[in-house]
Amino acid sequence: MPRINDSITEGQSTKLAAEAIRELCSVVGEQNVLWHPSDLMVYECDGYTIAKHRPDAVVFPSDTQQVAAVARICHRHKIPMLPRGAGTSLAGGCVPLGGGLVIMLTRMTRILEIDLRNRFAVVEAGVRNTQLARALVGSGYHFAPDPSSQTASTIGGNVATNAGGPHTLKYGVTVNHVLGVEAVLADGSIVQHGPVVDPGMLDLCGVLTGSEGTLAIVTKIWVRLTPLPSALRTLRVAFPTVEDATEAVSEIIAAGLIPAALELMDRGILEAVEAAFQFGFPLDVGAVLVIELDGEEASLEEELQITRRICERWNAREILLANSPEERERLWKCRKSAVAAVGRLSPSYCIQDGVVPRTKLPQIVKKVQKISQEFNIRIVNVAHAGDGNIHPIFLFDEREPAQVDRVLEAGRQVLEECIALGGSITAEHGVGVEKLHLMREQYRPEDLTAMRRLREAFNPDGLLTPGKLVPDERSLEWLGTYPRIGGAP
Amino acid sequence: MCEPLSAEAAKKSEKNERFSIPSIGSNSRLTVMAQSCPYLPIDDIVEPADETSLATFIAESAGKGNAIYPVGGQTFMALGAPGTRPGYGVRLDRLRSLVDYPAEDLTVTVQSGMRICELDALLRENNQRLPVDIPQPSRATVGGAIAVNWPGPRQVRYGTLRDYVLGMRVVDGRGNRIFTGARVVKNAAGYNLHRLYIGSLGTLGVVTEVTLMVRPRPPVHELLVFPIANLQLAAQAVERFFETPYQPSVLAVLVGRRWRAESGDLPSLSSSAPMWLAVGFEGREGEVRAALEAVKRSFPAEVLREHASFSNEVADKFAQTIADFPTAYQARSEGESDELSGNGKVPILLRADLLPTDTLNYAERISQLVPETNMLVLVGSGVVQAWISIPEHALGDRVDKEFGHATRELSGSLIVGYYPAGTRLSRSTIWGLTGGNTSDVRRLMAHQIARRIKEQFDPQNVLNPGRYIFD
C-alpha cells in the first residue's frame, strides 16, 4: 500500500492539497480516507447511473465530532464536500458536482436510544431504515417511512430526500416523523434542534429535512415512533383497465377512507414481477391495486366491505385478501421488488418519480401511454396511487445512445405534464442532478432566489454540496457536461 | 358560528378611506383605530386589496424604515414582546377567498385572511376537516393560526399545523412574493421553506395563501371527563392506558376551578373536584366502543367512580373549550379584574414543552410553586399551559429562575403566552431565551442560524420588529 506522503508528493492521486489529505487522515485515520482514483470510482454516481462525477477523496468518519473536524478542514482549505449515505438515490443526489470530498456516514450506525413511552428513537445518520425496523420488532412501534430502498437506505438519507414510500397517504413523509436533528454546518460547527418543541425557535428540522445535504450534514436524528396498527387487511384487486383502478382509488378516498396504502401496478410491471417471483398475479388484466387497510379490528371489517363494494363497482375482476402475515409479506415483497424485477424485461431501465393531484392520475397515466408510443420506448408503471405519485419505468438499452436520448426526453415530458397538472417533478426521490434543470420550470426565479437565501443562511460559502437542489451558474455549467440531462439547448 | 365580518371594526369609531399612498392600490383600505392596540405601536391598520398591494406596501415600508405588524383575528396579541418601532398594522380581511378545493385530493387552498370557522364550514360540506385545534375559531384566521401554531388537545393524535401545510404564498420583508411547496400531498422538489413560516409569528413573511392537507371527518367522537383528586391518579390512569393499543384523540388533565366556568353551557363538571382527566376517541363506531372499553379496563377504580360523557357535536364543543384555554381568559376579562389580577398581581400564561412522560411531574411542580393554578396538561403530547398570577415586581425573575429552572431541568422549553399590556417582561423571558434554551453551544448555534435566516428574508427588520426571538 502506498504511503500517503509518497504518493501525494508524487502528485499522482488527487487534486486535494497534500496537507488537506494529511489532516483528514489525522482525524479519521489513514485507513478511512480514499484518494486513489481507482478507489473513488464507486463514489462517482449512485442509483442514477447516467450522471457521474468523481470526487477527489472520500472519508469515513465514525462520529459527529469527526464529521465536524472534517468539515473544519474542508472549510479551511475551501474544499467542496457532500455527505453520502447508502447511495441509493435514483436522481443523482450523491453525485458530487464539482468534485471535492465525499463524507460517508455509513460508519455511523448506532441506534443510541429507543424510548417507547415517549415514542422516539435516536439514531445516527448511517443507521439503515430496516436496521431500526428490526430493532423495533415486538415493540408494537415502527418508524413509519418505508421507502422501497429501505433495506439499504439510511435514515440520514431518508431525511436528506424527505423520503416517502407506500404508506405515506396515511402516515405522511419523513418530515412528519423527524422530531429533532443534530447537524454539522459547513464551517464545522454543530447545531441541534429538538427533540422537544421550542416555540422560540424556527423550524430548522423542517427545512433540513429534504434539503439533500445542501444546508448541513445531519449526523443524528430523533425519529418519531408510531404505534403499529392492531389489525391489517391487505387486498389484491385486479381491474380490466388502469382507468378503472384509478377511479376506484378516487372513490375509496371520497368515501372517507384513508387506506394505509393504495399501490397500483400496470400490466407491464405485473409481467416482470410474475417472471421474477411467480406470485400468481393475473396477466390478462389492465392493472392491479394493492390496498392495505389498517387500524382497529372493530372497524376494519366495515372498511373492507366498503372497499370491496367500490372495487366491484369499478369492474374488479378478482379481489383476493391476504390470509396470513406471510402472504401479506410476500405481496409487499413483490411490490417493493417490482422495480428490480424489471431487469428481466430489458437490459437497462430508468425509474421516474413525479406527482400530480390524485384526481389527475387518469390523465397522467394516459399521457405516459401516449409518450411511450410517441418515443417508441416501452414504459411500465408502478404508482403510489393514493398520493398521486407515479413511477413510470422506462425500458431501454443503455448501449444505444439514441435510445438513451429518447428516454431522457420522454422523462422530461412526463415531468412537464406533472407540473402542468398542478403537481411536482419529484414526490420522494429528490432533485439530485437529474431534475436540477426542471426546478426552473416548476418554480419562478423569485421562488428559487428565496431558496438560495435559505442556503446562504446555513451554508454561506457554498462549500457544502455545491450546485445541487437549487440550480445556479455553476450547476448549469457542470450540467453542460451532461448535455442529455439538461445542459444542451 | 362565525362572528360577523367586521364586528370589532364596527364597535370602534373607524374611518374607512382610500389609502393615501397610491402604491397600496386604490381598493385597499385604511382603518384608523379608535382604540390603540396595547402591544403594537400602530395607529392604523391597512387592509390590502390583493397580494400585489401588500407586496408594494411592504417594499415601501422597508424603504422608509416603517414597521409592519401583520394581524389576523387578534386572538393572540399578547403572544410576543411589544413591537419596538412605529408602523402600520396589516390585516388580510380582503384576502379571505377559497382558491381551490379538490376534495377528493384531500387538499384545500385558501387565502390566509379566511377565518378558521369559514374554512371549517367549507370542509364540512364534504364531510372533511382540518384536525388541528385552533383557539377562537370564530375570530382566528388561517394566517394567524399559522403564525402562532399553538398546540391543543388533539395534537396527541393529529399533530400540529406543521403536519398539514403543504405549500403557501408569502410576501417576505423585502416585498418579494414567494411560492413554496406544492398543492400535492407529497413533494420533494426544493426546500420545505413553508415550515419556516409556521410558528414564527409573522417575522419572516406575511402568508397570503395556504394549501392544507385535510382529512375525512370521523363519524363518531366520544369524550369522557373524569373528576380526579390529584395528578398522581392521572399519572396512574395514563400509564395504564398507554399499555393498550388505542390512540386517544384527546388526552388532557384540566387542573383548577376555572374549568367549571369554562364549561359553562356544557353539562357541568363535578363541582367538588380539583381537576379532571379528559380522554376522547374518534373513528368508526366499533373502534371507539372498543377504546372506551379499554379505558374502563385500564383506569384505576378511583378514577372510574364518576364521569361525564360527551358525544359527537357536544364532544367537539368540549374539545374546542379545552383548545380555547389559552385565549378564553383574554376574551372574557380584557380590561376587567378578576381572581387572577388584583393585589398587585398580574396574570400570565406559561407554556412549557416537555417530553410527554415529564408533563405530570412538571404540572405538580407548578402547583407547588403557585397554588390554585389553572392548568391544561396535554399528557400525550408533552405540553403544559398554566395561568398563574404573580406580583409584577417578581415576574421576570420568577419566570426565568423558578419556572425556567424547573423546565430546563427536564430539557424542556418555556415561553410566556400572555401577559397584560404594560407589564414589564423582557423578550428573552417571554421566549425563554435566557438560561436553558440557549445555554449550550448547539442551541446558540441554532439561534445564530435563525438570525441569519431573518436577515435573509427581512433584512430591514420590517416585520413584527421586537415581537419574536429576533432583536
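Residues numbered from 1 in each chain as written. Chains lettered and ligands numbered in written order. Predicted model: local features only at pLDDT ≥ 70, side-chain atom pairs only at ≥ 80, totals over all residues. Heavy atoms only, no water.

Turning next to the overall build of chain A. Within chain A one finds 18 helices and 19 strands. On C-alpha atoms alone, chain A measures out to a radius of gyration of 23 Å, which is about the 23 Å that the 2.2 N^0.38 rule sets for 489 residues. Each of the 489 residues in chain A was classed as buried or not, and the buried ones make up 65%. The contacts in chain A between residues at least 6 apart in sequence include a share of 71% that link residues at least 24 apart. Accessible surface computed for chain A: about 16900 Å², of which carbon and sulfur atoms make up 50%. The positive charge centre, built from 49 side chains, and the negative charge centre, built from 60, are 1 Å apart in chain A. (Helix = DSSP H or I, 4+ residues; strand = E, 2+ residues; numbered from the N terminus. Rg over C-alpha atoms; globule rule 2.2 N^0.38 Å. Buried < 20%, exposed > 50% of the residue type's maximum accessible area, 1.4 Å probe, protein only. Contact = heavy atoms within 4.5 Å. Areas by Shrake-Rupley, 256 points an atom, 1.4 Å probe, with all protein chains shown as cover. Lys, Arg positive; Asp, Glu negative; His and termini not counted. Charge placed at Lys NZ, Arg CZ, Asp CG, Glu CD.)

Okay, helix α16 (residues 445-458) of chain A next. Taking 1.5 Å per residue, 14 residues should reach 20 Å; α16(A) reaches 20 Å between its end C-alpha atoms and fits that length. When α16(A) is considered as a whole, its buried residues turn out to be Asp447(A), Leu448(A), Ala450(A), Met451(A), Arg453(A), Leu454(A), Arg455(A), Ala457(A) and Phe458(A). (Expected span 1.5 Å × (residues − 1).)

Let us look at the sheet that holds strand β10 (residues 217-224) of chain A. The strands that make up a sheet pair up through hydrogen bonds in the backbone, lying either parallel or antiparallel. Strands sit in the order β5-β6-β10-β8-β9 (chain A) across an open sheet of five strands; the sheet is antiparallel. Each of the sheet's edge strands pairs with one partner strand only, and the pair in question is β5 (111-115) and β9 (190-193) of chain A. Sheet twist, expressed as the average angle between the axes of neighbouring strands with direction ignored, equals 10 degrees. Bridge analysis of β5(A) against strand β6 (residues 120-124) of chain A gives four bridges, and the strand direction is antiparallel. Each residue of the ladder has a partner; that of Glu113(A), found in β6(A), is Val122(A). Helix-sheet contacts for helix α4 (residues 64-77) of chain A involve β8 (178-184), β9 and β10 of chain A, and the interaxial angle to β8(A) is about 45 degrees. Along the sheet, helix α16 (residues 441-457) of chain B contacts β8 and β9 of chain A; its crossing angle with β9(A), the most-contacted strand, is approximately 85 degrees. (Pairing = 2+ DSSP bridges. Axes fitted to C-alpha atoms, helices over the stretch in contact; angles between N-to-C directions.)

Residues and elements named next belong to chain A. In this fold, Thr-234 is placed in strand β12 (residues 231-239). At 2.8 Å, the side chain of Thr-234 forms a polar contact with the side chain of Glu-292. Apart from residues no more than four positions distant in its own chain, Thr-234 is found in contact with Val-290, Ile-291, Glu-292, Leu-320, Leu-321, Ala-322, Arg-328, Leu-331 and Trp-332. (Polar contact = N/O pair within 3.5 Å; in protein donor to acceptor, adjacent residues only side chain to side chain.)

A full pass over the atoms with the stated rule returns 13 aromatic pairs over all chains. Between Trp259(B) and Phe325(B), the aromatic rings sit 4.8 Å apart at their centres with planes inclined by 10 degrees, giving stacked as the arrangement. Here Trp259(B) is found in helix α8 (residues 258-262), whereas its partner Phe325(B) is found in helix α12 (residues 325-333), with 66 residues between them in sequence. In terms of burial, Trp259(B) and Phe325(B) fall into one category: buried. Within the aromatic cluster, the residues linked to one another by ring pairs are Phe226(B), Phe241(B), Phe281(B) and Phe299(B). Above the face of the Phe242(B) ring, Arg117(A) is positioned so that its terminal group lies 3.8 Å from the ring centre. (Phe/Tyr/Trp six-rings, centres within 6.5 Å; stacked < 30°, edge-to-face > 60°. Lys NZ or Arg CZ within 6 Å of the ring centre and 35° of its normal.)

Residues and elements named next belong to chain B. Following the sequence through the fold, Ile-146 ends up in helix α4 (residues 142-148). Overall, Ile-146 belongs to the buried group, its relative accessible area being 1%. A sequence separation of 15 residues divides Ile-146 from Leu-161, and the C-alpha atoms of the two residues are 6.9 Å apart. Sequence-distant contacts of Ile-146, defined by excluding residues within four places in its chain, comprise Leu-161, Val-165, Met-168, Tyr-197, Ile-198, Gly-199 and Val-210.

Before going further, it helps to spend a moment on the pairing of β10(A). Residues and elements named next belong to chain A. In terms of burial, β10 is a largely internal element, seven of the eight residues being buried. Inspection of the sheet shows β6 paired to β10 by five bridges, in the antiparallel sense. Bridge pairing in β10 links Ala-121 to Val-223. Across six bridges, the pairing between β8 and β10 is antiparallel. Note that in β10 the partner of Val-181 across the bridge is Ile-221.

Okay, the domain arrangement of chain A next. Residues and elements named next belong to chain A. Split by domain assignment, chain A resolves into domain 1 (4-104), domain 2 (111-227), domain 3 (230-341) and domain 4 (436-485). Using C-alpha coordinates to define each centre, domain 2 is positioned 25 Å away from domain 4. On the side of domain 4, eight residues touch domain 2, which itself brings 13 residues to the contact. At the junction of domain 2 with domain 4, the criterion picks out zero salt bridges. In this structure, the connection of domain 2 to domain 4 is made through two residue pairs in polar contact (both at pLDDT 80 or more). At three residues, helix α8 (residues 204-208) tops the list of elements feeding residues into the side of domain 2 that touches domain 4. Each residue belonging to the side of domain 2 that touches domain 4 can be placed in one class, and the counts come to eight nonpolar, four polar and one charged. (Domains from an automatic or database assignment. Salt bridge = Lys/Arg side-chain N within 4 Å of Asp/Glu carboxyl O. Nonpolar A, V, L, I, M, F, W, Y, C, P; charged D, E, K, R; others polar.)

All names here are of chain B. Within the span of helix α7 (residues 231-241), buried status applies to Leu-231, Leu-233, Ala-234, Ala-237, Val-238 and Phe-241. Down the axis of α7, the buried side of the element spans an arc of 155 degrees, and every buried residue falls inside it. Looking at the buried residues of α7, the elements they touch are β13 (220-228), β14 (250-255), β15 (275-283), α9 (285-298), α10 (301-304) and α13 (359-369). Capping the start of α7, Asn-230 holds a side-chain oxygen 3.3 Å from the backbone nitrogen of Gln-232, two or three residues further along. (Arc of directions from axis to C-beta.)

Turning our eyes to something else, we now look at empty space enclosed by the protein. Evaluation of the coordinates by the stated rule reveals nine cavities of 30 Å³ or more. Taken as a whole, the largest cavity holds about 540 Å³ of empty space. Lining of the largest cavity is provided by 40 residues; of these, Pro70(B), Gly72(B), Gly143(B), Gly144(B) and Ala147(B) occupy positions nearest its centre. Of all elements in the fold, only β4 (67-71), β5 (87-91), α4 and β11 (205-213) of chain B reach the threshold of two or more residues within the lining of the largest cavity. Looking at side-chain class alone, the lining of the largest cavity contains 22 nonpolar, 14 polar and four charged residues. Mapped onto the domain boundaries, the lining of the largest cavity takes at least three residues apiece from domain 1 (7-91) and domain 2 (98-216) of chain B. Sorting the residues of the lining of the second largest cavity by element identifies α7 (168-171) of chain A together with β9 (165-172) and α6 (194-197) of chain B as the ones contributing at least two each. Split by residue class, the lining of the second largest cavity holds nine nonpolar, seven polar and six charged. (1 Å grid on protein atoms, 1.4 Å probe; cavity = no way out; pocket = protein on both sides within 12 Å on 5 of 7 lines; lining within 4 Å. Points joined across faces, edges and corners; volume = space filled by probe spheres on them.)

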